[in-house]
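Below, each chain spelled out in residue letters.
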Amino acid sequence: MTLFVPLEESSPPPSIPAFTVRSETPTLHLRKAIKAILKAKRLVVVCGAGISVSAGIPDFRSESGLFQTLKRDNPKEALTSGRDLFDASVFNNEHTTSMFCQMIAQLSELSQAASPTPFHQALRSLDERGRLLRVYTQNIDAIELKTGLSFGVPEFDKRRARPRSKPKSIGPPIADQPATPNNAPCPSDSAPGSRYTSPVVEVPRCIPLHGTLQTLHCQTCMHTFPLENHVSSLTSGTPPYCPECTQMEETRQLVGKRARGVGKLRPSVVLYNELHKDGEGVGEVVRRDLVGGSKGKGWSGADALLVVGTSLRVPGTKRMVREFSKAVRARGGPSSTVSASTGLATPLPSPGKGSATSAEDFPIKSIYLNFDFPAPTREWEGVFDAWLQGDAQSFGEILMEEITKEAAGKEAALERKRKREQDTAPLEGAEETGLPKKKTKTEKLDSGKPVSKQSTKASGMPSVRPRNPKIKRREDMDITSASTPMDSSKLIIRIPPRPRVIPEVCITRGLRAIQHPYTPTATHHNRPMTPLSHSDATDDSDLSEVEPSHDLEVADELPIGHGIRTAQYGLLATG
């Protein structure tokens, strides 16, 4: 399913393919598409001539495009289309070659005078935010270079990788060789059997798919030269001679070698029915952006696609767009089949027009922005999630507004964070200024106060249970209060510790003394006790002598007097 979202509701609705669904809320889906672009981490943009028309650069296939104007301006040449001047056969005769050179000179002047459009500025803003992975442009005007984007095709090593074979060892076995220190220099990449990779090639942000008007190159020695140095020769319709070949030819004549000939310079643009001279470099960049840096894993590959301002008629570009759409829609999708060789996944067929899947919940990862849908339409079913029908510059302005709002929101968030840090700064210096400082969890533990289990778990510290103080024994407690005034006339009772003793009762009148082993504490008596002599002590057999009889009567209560000296129960008796 492809969602059809018109940028302007007043524009007449075009003929839309059968597999597209018209949006009932265009504004909502437009915001969703912009949000998908702003939230993308590795956005790939494939753009065509539609993004440069407002800068004064004509497109190719429209009614006022370059193909039609060239045919009208050269009626005597019997051109079936202006495309004939962009075919490789243009160099077969001098007349078409002269026409081609004059046309390139005019396009070069237009490109030099052109200024970046709002969409070009939006690309630069996305690059500054770190959201842009790559821009593949079919344009030859190189306006992207004026916005500050890096431009060109990197030069990769064209040599095939050597097999990882073990080098012939001429020294002792590996186990007997001394260990290499950590600070030892790495061997050179050119050393045989070396496993160190080559330095990483920096890939420009913008890759020209069809060449550029910035340079000319020799068809003989393939050296490149700036086009601006040979504009006058191109304007006259004469291709300039190669300076490198000319210098080499003069040198060969001086040393007496035979002449090889001097090549001619041609614009470094890719024509129909010819190969791209930097095709291997472009293909390597596309491959890396598809599968990412690690083979078999798409962690660093593209995660969003935006195709804008192109009718998708060039076969190479059509294939590249299909591959990127398949990659971004499968990467992170809910259901897909992962390929073990490439790491990419083939998405399941998109739901049809009558499917129960809601357009609100359908993710947008592949977006096509243009006035007309590419033809034939059946080739693009299931490739794009949304078709934004409208002008690229209008979309660029809306995108710039959203980028500005997001930047303002981030700036406000940073300002609030800065204020919070300034408010908490005085608390950090409270210890130096003498202000009360909030205790940390460690200080609470050091102070002896109990800390809850949740706080100790959160802090990662072992839980420490505070030790309860020993409960005083009842015997050690004083029943008198320190705040209560004491009266000396009252009896004060103190309960000493309980020793394991047997109380002693001494009866000195009328009965024989009976003594059990006990040693009273001297501090509990007002006068010292007289110990019993050995003759007064009896053993267990003497107990029979104190048995009651008719000759002895024992009163129920003994009178307290000089006869009973004391009753040793640990109490001090006064009488």
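Before reading further, recall that the structure is shown in the block above.
Worth saying up front: this structure is predicted, and the values here are computed from it rather than measured.

## Considering the overall build of the protein
When you go through the protein residue by residue, the secondary structure sums to 12 helices and 15 strands. Put simply, the protein has 575 residues, and 33% of those count as buried. By sequence separation, contacts in the protein at least 24 residues apart represent 67% of the contacts at least 6 residues apart. Accessible area of the protein: about 38,700 Å², with a carbon and sulfur share of 53%.

## Description of the sheet that holds strand β9 (residues 304–308)
As summarised here, the arrangement of the 8 strands in space is β2-β1-β13-β12-β9-β3-β4-β5, forming an open sheet in which the pairing is parallel. Edge strands, defined here as strands with exactly one partner in the open sheet, are β2 (20–22) and β5 (206–208). Geometrically, the sheet is characterised by an average inter-axis angle of 20 degrees between neighbouring strands, direction not taken into account. Relative to β2, strand β1 (residues 2–6) runs parallel, the two being bridged by 3 bridges. In the strand pairing of β2, threonine 2 is matched with threonine 20. Across the face of the sheet, helix α4 (residues 118–128) comes into contact with β3 (43–47), β4 (132–137) and β9 while running at roughly 150 degrees to β4. Those strands touched by helix α7 (residues 279–291) are β4 and β5, and its axis lies near 145 degrees from that of β4.

## Remarks on the pattern of salt bridges
In this structure the tally under the stated criterion is 14 salt bridges. A salt bridge links glutamate 128 to arginine 124, with the shortest nitrogen-to-oxygen separation between them at 3.3 Å. Here glutamate 128 pairs with arginine 124, and both are found in helix α4, just 4 residues apart, close to one helical turn. A relative accessible area of 57% places glutamate 128 in the exposed class. Linking glutamate 406 and arginine 129 is a salt bridge whose minimum nitrogen-to-oxygen distance equals 2.6 Å. A residue pair is termed long-range when its members are at least 10 positions apart, and glutamate 406 in helix α9 (residues 392–428) and arginine 129 in the loop between α4 and β4 qualify at 277 residues. Taking relative accessible area as the criterion, arginine 129 reaches 22% and is therefore assigned partly exposed.

## Some remarks on empty space enclosed by the protein
The final tally for this structure, using the stated rule, is 1 cavity of 30 Å³ or more. Space inside the largest cavity adds up to approximately 100 Å³. Together, Ala49, Ser52, Ile57, Pro58, Phe60, Leu66, Leu107, Ser111, Asn139, Ile140, Asp141 and Leu213 line the largest cavity. Its residues assigned to classes, the lining of the largest cavity shows 8 nonpolar, 3 polar and 1 charged.

## Brief notes about α4
All of the buried residues in α4 are Phe119, His120, Ala122, Leu123, Ser125, Leu126 and Asp127. A positive backbone phi angle near 80 degrees is found at glycine 130, which sits one or two residues after α4.

What counts as what
- Residues numbered from 1 in each chain as written.
- Predicted model: local features only at pLDDT ≥ 70, side-chain atom pairs only at ≥ 80, totals over all residues.
- Heavy atoms only, no water.
- Helix = DSSP H or I, 4+ residues; strand = E, 2+ residues; numbered from the N terminus.
- Buried < 20%, exposed > 50% of the residue type's maximum accessible area, 1.4 Å probe, protein only.
- Contact = heavy atoms within 4.5 Å.
- Areas by Shrake-Rupley, 256 points an atom, 1.4 Å probe, with all protein chains shown as cover.
- Pairing = 2+ DSSP bridges.
- Axes fitted to C-alpha atoms, helices over the stretch in contact; angles between N-to-C directions.
- Salt bridge = Lys/Arg side-chain N within 4 Å of Asp/Glu carboxyl O.
- 1 Å grid on protein atoms, 1.4 Å probe; cavity = no way out; pocket = protein on both sides within 12 Å on 5 of 7 lines; lining within 4 Å.
- Points joined across faces, edges and corners; volume = space filled by probe spheres on them.
- Nonpolar A, V, L, I, M, F, W, Y, C, P; charged D, E, K, R; others polar.

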